[in-house]
Amino acid sequence: MSVNQQAHTGPPYGQPQPGYQGYQQPAYGGQSLPGVPRSQYGAYNGPMPEYQQPVPPQGYFPSLGFPSKGSPVSFNSDSSSLAPNFIGSLRAPPTSGAPPPASGASHPSGHLAYSQFEHGDVQNGIPASAAPMQRPPASQPFLPGSGSTPVSQPSAFQQYGPPPASVQQLSNHMAGMTIGTATASAPPPAGLGYGPPTSVPPVSGSFSPPGSGLYTPYSATQGPPPTSVPQGLPVAQPPFPGQTVSTQRLPTQVPGFAPPPPSTGVGPSSYPPTTGAPRPPAMPGPPLPGQTLAGPPSSQPNHVTSPPPPSALAGLHPGPPMSGLHGPPPPTHPPQPGYQMQQNGSFGQVRGPQPNYGGAYPGTPNYGSPPGPPPPPKRLDPDSIPSPIQVIEDDRSNRGSEPFVTGARGQVPPLVTTNFLVKDQGNASPRYIRCTSYNIPCTSDMAKQSQVPLAAVIKPLATLPPEETLPYLVDHGESGPVRCNRCKAYMCPFMQFIEGGRRFQCCFCSCVTEVPPHYFQHLDHTGKRVDFYDRPELSLGSYEFLATVDYCKNNKFPSPPAFIFMIDVSYNAVKSGLVRLICEELKSLLDYLPREGNMEESAIRVGFVTYNKVLHFYNVKSSLAQPQMMVVSDVADMFVPLLDGFLVNVNESRTVITSLLDQIPEMFADTRETETVFAPVIQAGLEALKAAECAGKLFIFHTSLPIAEAPGKLKNRDDRKLINTDKEKTLFQPQTSFYNNLAKDCVAQGCCVDLFLFPNQYLDVATLGVVPYQTGGSIYKYAYFQLETDQDRFLNDLRRDVQKEVGFDAVMRVRTSTGIRATDFFGAFYMSNTTDVEMAGLDCDKTITVEFKHDDKLSEDSGALLQCALLYTSCAGQRRLRIHNLSLNCCTQLADLYRNCETDTLINYLAKYAYRGVLSSPVKTVRDALINQCAQILACYRKNCASPSSAGQLILPECMKLLPVYLNCVLKSDVLQPGPEVTTDDRAYIRQLVTSMDVAETNVFFYPRLLPLTKADVDSDSLPAAIRNSEERLSKGDIYLLENGLNIFVWVGVSVQQGLIQNLFGVSSFGQISNTLSALPVLENPFSKKVRSIVDMLQGQRSRYMKLIIVKQEDKLEMLFKHFLVEDKSLSGGASYVDFLCHMHKEIRQLLS
Ligand SMILES: [Zn+2]
């Protein structure tokens, strides 16, 4: 059987996955399984009932036939003509200032009075067009029976796996897995790890205390040592009245994390001396979720007693090999006595009197308080806890100079913050796929025990730096790509050719498939095909196939896509200058529509609609002298009043388009219409694309809550009182399911929606965002849009959005080798079954996070494979498959898992998981679950991979030492813990944004980059070294820049030298700096140039143009800025890093006890 035939009988996405019980996939097309919704791609299997483009009857006068549906109205008032009228001579807009479109009653043409029009004036002139008003058939039959989309389904917030029923259970569970001391602290035998040395952090990160021997086994080739934090920092242990609580374990400091001696620790006022701990429980506001301690106010002093004797508390002098430690203890701390205990091999408290947690945790024994007076409070030195900056810098210096070569299985790539080049030698570049771990547990039990989520963050159309090669396009002609007979995986470097090259064994399902004759090639002595290096699909991790007609909807090659610009022309949009701005911009921007490689002009056609309560369509056919407007005022049942002339080639219709864009702002200049519709706008675009039989994108520019009478009409249901209640989730849910259904229709047509919002008040982003979100589109929000300050940002976003690479009508499937399978998906898309991620549009910035679960055992020998196949239509209308392959290692030792994790990716997954959770669960529940999961991850490490004798210490895996700080940032984010200034729309907006972010974006979003500008070297191209996000790192004599991917703050200290202020702002004093600047003035001096070049560089790195905000120290805007100093306690109650670390430590200890 030839491959070609295979393709027919087994469509690309159509085969059931063999071997997965209860996981049958519906076939696309005719053979859908009972009870399983059919996918729209049924077309792959052959013809199916489909939308037929209606042909308007000849000579049909739409306005007669459908009097209530709308009326063609030309700008011209020459009513005597039935021919299209043109805008030219008469200015269409009403002189009265009344709303533009209007009533058919006044149709001078005398066709008919349209009774539904209540206004008497025809502002736009005459109905004149003879354009057919035929309605296309109602709705598409593509998705019969599909239910609501996954996003809207309130599914219960799930645990990441069955958590242990109790601490005891976990304990028992873990006990079974405990690795002996020797092997636990030492890495597993080299044979177990496939990770090349490059993936292993340098040994410099080790904290081995001299003589301890505990960490020494971590050699450079074996993996990083754990990071440990001295437990002595009495972890956020809430004191309870009437109970004495010892929060200190004496001898537990690990060098490098040594807190200052007690005497010096009292310093900071922020640590109430009354507790022996660093201000542990005193998390104001919403306490850290997960705390079971319902008890007394945390601020109560005096329940903490029996701190260790000062001598024992003292910070240990760092041992020699501590180089990797960030912020080794200040040299001023002499070695302390407590150190001896560590030489016994025990970092932790020896089992014995335990700190008294009894009161806090019911059921745990109260060990009583150790004797002795309370020690002076100690302060956890922020320099001694893991620093994101240090980790980032270390990775840059260690891994930034060599290209990352993807030949070996399971390699951990450099961090997203490191600049590096990638050489594809058989695995997909980390720009396309990053994983939470590159070494995954062989069994599901191990995976559950660790609680480390197995997920891949996939950006299928990622932009590559110019130095790297785009995926090659492979054309196998009519036979199409070679695929496994059974699982339909695409030919890739991991397929095994056998029998002299006549057959190949699938690396995913083991099925053996004949090599089609045209693809046959001999093997060399190693079993490799001799054309190995000539074929991208045999030697590279990423490549594309040209798809055959079998991969096309309705078995028809697609038409080039269309862009439709849909502009709100209600009062606010006009008055703010937005309408004029958009029209002006489009005149030039249309020359930059996406083009395929070497094509001279874009194949994308364009169309234009304006709207308020009614919709205005424009005929911009090249043969017209002037554009022609048609008004549809019956928005209840939207249709497109013209077919010919609506979607046009820019170059052919340039004159007409320019004329239209010149006239739109004038036509509506005097509008008084404040109400808008929204759903009908999307419906109109959708209908237009259906009529044109193409996919495309709608660019909708919208200003207000759509309260006008129409389908999808919304009401203002904003209610901040719901925050922190069980109903808070409703703020994130759409207020009607109407938009979910609309989104489904849009996806079926390949109609992607990009939404630009310009609200002056609540407009329900949670609901308006449904269609953009589920169609793979983007949302941009410019609250209180003002031309002067916001136009640059908006125009930059618009330009980038219009120009960026995008695929249409996309379907992505991730195949996996036997043993694991993709079980959950996060991102902007729609799913009509459990495996296929459908996106009407997918651009180069969009990311899909995929979670995997075991369904069988994996083997260390064969590892695990992922293949992501994206079927899409290019901007020129070419149907393509983009394939990304990635091979991972598998392990039987938990230590291998923890050594090959990537915390940035983990955070990307956890944030998306949590942000979806708020749709269905109270926010507090979501926060608790996050904390709980991370505590379990770290406890499992502590239990199984670290020294069993160091119970009292916080020991973090090297690759996860930033997990607490980053997790805290997620917990404190606006979605999970909003401050008073954060609106409901902001939260819904951020929630949707984060869901499509890649790892680099979530990294900087949750832990912003803070650069001391005054330390920048004006003579070099480099950036000043970043500093940690804490107010105590700021000097009032300096200027700093903070960016998080959405905003750039420039913070100016009160004592900055006048010369610097003059150079940067062009004013002579601090007081004269305007905090309303939206850009830095262009001044001809080195400092100004340097700072502006930094800003430009950062803007260029991000997918959105960041808003620039100048913040003067002690000015009121500083509160906003401080919100982003994420290591500090937040105004909304978020814990500081130090406090949170202590809290995590407590949680971990609780799990281990
Ligand atoms: Zn297979």
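Residues numbered from 1 in each chain as written. Predicted model: local features only at pLDDT ≥ 70, side-chain atom pairs only at ≥ 80, totals over all residues. Heavy atoms only, no water.

As its UniProt record puts it under Sequence similarities (unreviewed entry), the protein is described as follows: "Belongs to the SEC23/SEC24 family. SEC24 subfamily." (UniProt positions renumbered as here; feature names shortened; annotations may be inferred.)

Enquirer: How would you explain the overall build of the protein if you had to name every residue and give the values?
Expert: Per the secondary structure count, the protein includes 28 helices and 31 strands. Buried residues in the protein amount to 63% of all 1153 residues. Contacts in the protein between residues at least 24 apart in sequence constitute 77% of all its contacts with a sequence separation of at least 6. About 38800 Å² of surface is accessible on the protein, with carbon and sulfur atoms providing 53% of the total. (Helix = DSSP H or I, 4+ residues; strand = E, 2+ residues; numbered from the N terminus. Buried < 20%, exposed > 50% of the residue type's maximum accessible area, 1.4 Å probe, protein only. Contact = heavy atoms within 4.5 Å. Areas by Shrake-Rupley, 256 points an atom, 1.4 Å probe, with all protein chains shown as cover.)

Enquirer: Describe the coordination of the zinc ion, with residues and values.
Expert: In an ideal tetrahedron of four donors about a metal, each angle is 109.5 degrees. In an ideal octahedron of six donors, the angles are 90 or 180 degrees. The protein atoms that coordinate the zinc ion are C484 (SG), C487 (SG), C506 (SG) and C509 (SG), at distances spanning 2.2 to 2.3 Å. Each of the four donor atoms bound to the zinc ion contributes to angles spanning 100 to 116°, and the resulting shape is tetrahedral. The sequence motif formed by the donor residues of the zinc ion is C-x2-C-x18-C-x2-C. Residue C484 is found in the loop between strand 8 (473-474) and strand 9 (496-498), and its partner C506 is found in the loop between strand 10 (503-505) and strand 11 (512-514); the two are separated by 22 residues along the sequence. The buried category is assigned to C506, whose relative accessible area is 4%. (Donors = N, O, S within 2.8 Å, 3.2 Å for Na, K, Ca; no water. Tetrahedral: all angles 85-135°; square planar, octahedral: opposite > 155°, others 65-115°.)

Enquirer: Explain the nonpolar core residue by residue, including any values.
Expert: Ranked by internal contacts, the top residues of the largest apolar core, which has 149 residues, are L615, F617, I700, Y898, L976 and F1065. Element by element, the count of residues in this core is highest for helix 21 (residues 923-944), at eleven residues. (Core = buried A, V, L, I, M, F, W, Y, C linked by side-chain atoms within 4.5 Å.)

Enquirer: An account of the side chain of R991 is needed here, citing residue identities and associated values.
Expert: By the element assignment, R991 lies in helix 23 (residues 984-995). Although R991 lies buried, it forms no salt bridge, and the closest oppositely charged side chain, D764, sits 10 Å away as judged by the N-O distance. With residues up to four places along the chain from it excluded, the contact list for R991 reads F732, Y915, R916, V918, L919 and V975. (Lys, Arg positive; Asp, Glu negative; His and termini not counted. Salt bridge = Lys/Arg side-chain N within 4 Å of Asp/Glu carboxyl O.)

Enquirer: Outline the sheet that holds strand 11, listing residues and values.
Expert: Spatially, 9-10-11 is the arrangement adopted by the three strands of the open sheet, whose pairing is antiparallel. The open sheet is flanked by strand 9 and strand 11, the only strands paired with a single partner. With direction set aside, neighbouring strand axes in the sheet form an average angle of 30°. In this structure, strand 9 lies alongside strand 10, joined through three bridges in antiparallel fashion. Residue Q496 lies in a different strand from strand 10, and its bridge partner there is Q505. (Pairing = 2+ DSSP bridges. Axes fitted to C-alpha atoms, helices over the stretch in contact; angles between N-to-C directions.)

Enquirer: Got a sec to walk through the packing of aromatic side chains? Specific residues and values, please.
Expert: What the rule picks out here adds up to 32 aromatic pairs. On the numbers, 4.7 Å between centres and 85° between planes, the contact of F532 with Y533 is edge-to-face. When its relative accessible area of 17% is taken as the criterion, F532 is described as buried. Judged by its relative accessible area of 65%, Y533 is exposed. For the pair F565 and F699, a centre-to-centre distance of 4.9 Å together with 15° between the ring planes defines the contact as stacked. Placement of F565 in strand 13 (residues 562-568) and of F699 in strand 18 (residues 696-702) is noted, with a sequence separation of 134 residues between them. Each residue in the set F701, F756, F758, Y780, Y782, F785 and F794 is aromatic and connected to the rest through ring pairs, giving one cluster. Here the basic side chain of R431 rests over the ring of F420, its NZ or CZ set 5.2 Å away from the ring centre. The ring of Y519 is capped by R529, whose NZ or CZ atom sits 4.3 Å from the centre of that ring. (Phe/Tyr/Trp six-rings, centres within 6.5 Å; stacked < 30°, edge-to-face > 60°. Lys NZ or Arg CZ within 6 Å of the ring centre and 35° of its normal.)

Enquirer: Please provide a residue-by-residue account of the sheet that holds strand 30 (residues 1047-1052), values included.
Expert: Strands in a sheet are paired, the pairing made by backbone hydrogen bonds, and the direction either parallel or antiparallel. Pairing in this open sheet of four strands is mixed, and the strands run 28-29-30-31 from one edge to the other. Every other strand in the sheet has two partners, leaving strand 28 (1009-1012) and strand 31 (1107-1112) as the edge strands with one partner each. Strand-to-strand twist of the sheet, defined as the mean angle between neighbouring strand axes without regard to direction, takes the value 20°. Here strand 28 pairs with strand 29 (residues 1039-1043) via four bridges, running antiparallel. Looking across to strand 29, one finds that P1012 is bridged to Y1040.

Enquirer: Could you give an account of the confidence of the model for the protein, with specific residues and numbers?
Expert: Of the residues in the protein, 67% reach a pLDDT of 70 or more, and the chain-wide mean stands at 75. This stretch, residues 1-225, has a pLDDT under 50; its non-local contacts, to residues over four places away or in other chains, come to 561 contacts. Of the regions scoring below 50 in pLDDT, residues 230-374 engages in 367 contacts with residues more than four places distant in sequence or in other chains. (pLDDT = per-residue confidence, 0-100.)

Enquirer: Before we move on, can you summarise the environment of S559 with the specific residues and values?
Expert: Its place among the elements puts S559 in the loop between strand 12 (542-546) and strand 13. Sequence separation between S559 and A876 is 317 residues; the distance between their C-alpha atoms is 8.2 Å. Residues contacting S559, with those up to four places away along its chain left out, are R605, A692, E693, C694 and G877. For S559, the side chain forms a polar contact with the main-chain oxygen of E693, separated by 3.5 Å. (Polar contact = N/O pair within 3.5 Å; in protein donor to acceptor, adjacent residues only side chain to side chain.)

Enquirer: Please provide a residue-by-residue account of the pattern of salt bridges, values included.
Expert: Applying the stated criterion across every chain, the model contains 49 salt bridges. Here R717 ties to D764 by a salt bridge, and the two come within 2.9 Å at their closest N and O atoms. On the criterion of sequence distance, the pair formed by R717 in the loop between strand 18 and helix 15 (738-749) and D764 in the loop between strand 19 (751-757) and helix 16 (765-768) is long-range, its members being 47 residues apart. When salt bridges that share partners are traced, they join K697, D754, R800, D801, K804, D843, D845 and K846 into one network.

Enquirer: Mind laying out the pairing of strand 18, listing which residues take part and the relevant values?
Expert: Both faces of the sheet carry side chains from a regular strand, because those side chains alternate between them. Among the seven residues that make up strand 18, seven are buried, leaving the element largely enclosed by the rest of the structure. In terms of strand pairing, strand 13 meets strand 18 through six bridges, oriented parallel. If you follow I567 over to strand 18, its bridge partner there is F701. Taking the sense of rotation as the criterion, the β-α-β connection linking strand 18, helix 15 and strand 19 turns out right-handed. (Right-handed = clockwise from strand over helix to strand, strands pointing away.)

Enquirer: Could you give an account of the UniProt feature "domain: Zinc finger Sec23/Sec24-type" (unreviewed entry) in the protein, with specific residues and numbers?
Expert: The feature "domain: Zinc finger Sec23/Sec24-type" (unreviewed entry), as annotated in UniProt, sits at residues 481-519 in this numbering. Annotated as residues 481-519, this span is 0% helix and 23% strand, and its ends, taken at the C-alpha atoms, are 10 Å apart.

Enquirer: I'd like to hear about unusual backbone geometry, residue by residue, with values.
Expert: A positive phi angle, near 70°, is found at K488, a position not held by glycine. Along the chain, K488 falls in the loop between strand 8 and strand 9. Relative accessible area serves as the criterion here: at 2%, K488 is assigned to the buried category. The phi angle at D764 is positive, at roughly 65°, despite the residue not being glycine. For D764, a relative accessible area of 0% puts it in the buried group.

Enquirer: Explain helix 12 (residues 578-589) to me, using residue names and the numbers behind them.
Expert: The α-helix winds at 3.6 residues per turn, so residues separated by three or four positions along the chain end up facing the same way. The terminal C-alpha atoms of helix 12, which comprises twelve residues, lie 16 Å apart, in line with the 16 Å expected from a rise of 1.5 Å per residue. Taken together, the buried residues of helix 12 touch strand 13, helix 11 (571-575), strand 14 (605-611), helix 13 (654-667), strand 18 and helix 18 (787-803). (Expected span 1.5 Å × (residues − 1).)

Enquirer: I'd like a rundown of helix 24 (residues 999-1006), residues and numbers included.
Expert: Counting buried positions along helix 24 gives seven out of eight residues, so the element sits mostly inside the fold. Buried within helix 24 are the following residues: V999, E1001, T1002, N1003, V1004, F1005 and F1006. The distance from a side-chain oxygen at the start of helix 24 to the backbone nitrogen of A1000 is 3.1 Å, and the residue carrying that oxygen is D998.

Enquirer: So what about the side chain of N944? Which residues, and what values?
Expert: With respect to the helices, strands and loops of the structure, N944 is situated in helix 21. Here C940 takes part through its backbone oxygen, which lies 2.8 Å from a polar atom of the side chain of N944.

Enquirer: Give a description of the packing of helix 20 (residues 903-917) against helix 21 that names residues and reports values.
Expert: Relative to each other, helix 20 and helix 21 sit at 150°, their axes nearing to 9 Å. In terms of orientation, helix 20 and helix 21 fall into the roughly antiparallel class. Read as a crossing pair, helix 20 and helix 21 show a hand that is right-handed. Between helix 20, through L910, A914 and G917, and helix 21, the contact on the second element is made entirely by V926, L930, Q933 and C934. Partitioned by chemical class, the residues of the contact of helix 20 with helix 21 number five nonpolar, two polar and no charged. (Parallel < 35°, antiparallel > 145°, perpendicular 65-115°, else oblique. Left-handed = near helix turned anticlockwise from the far one by under 90°. Nonpolar A, V, L, I, M, F, W, Y, C, P; charged D, E, K, R; others polar.)

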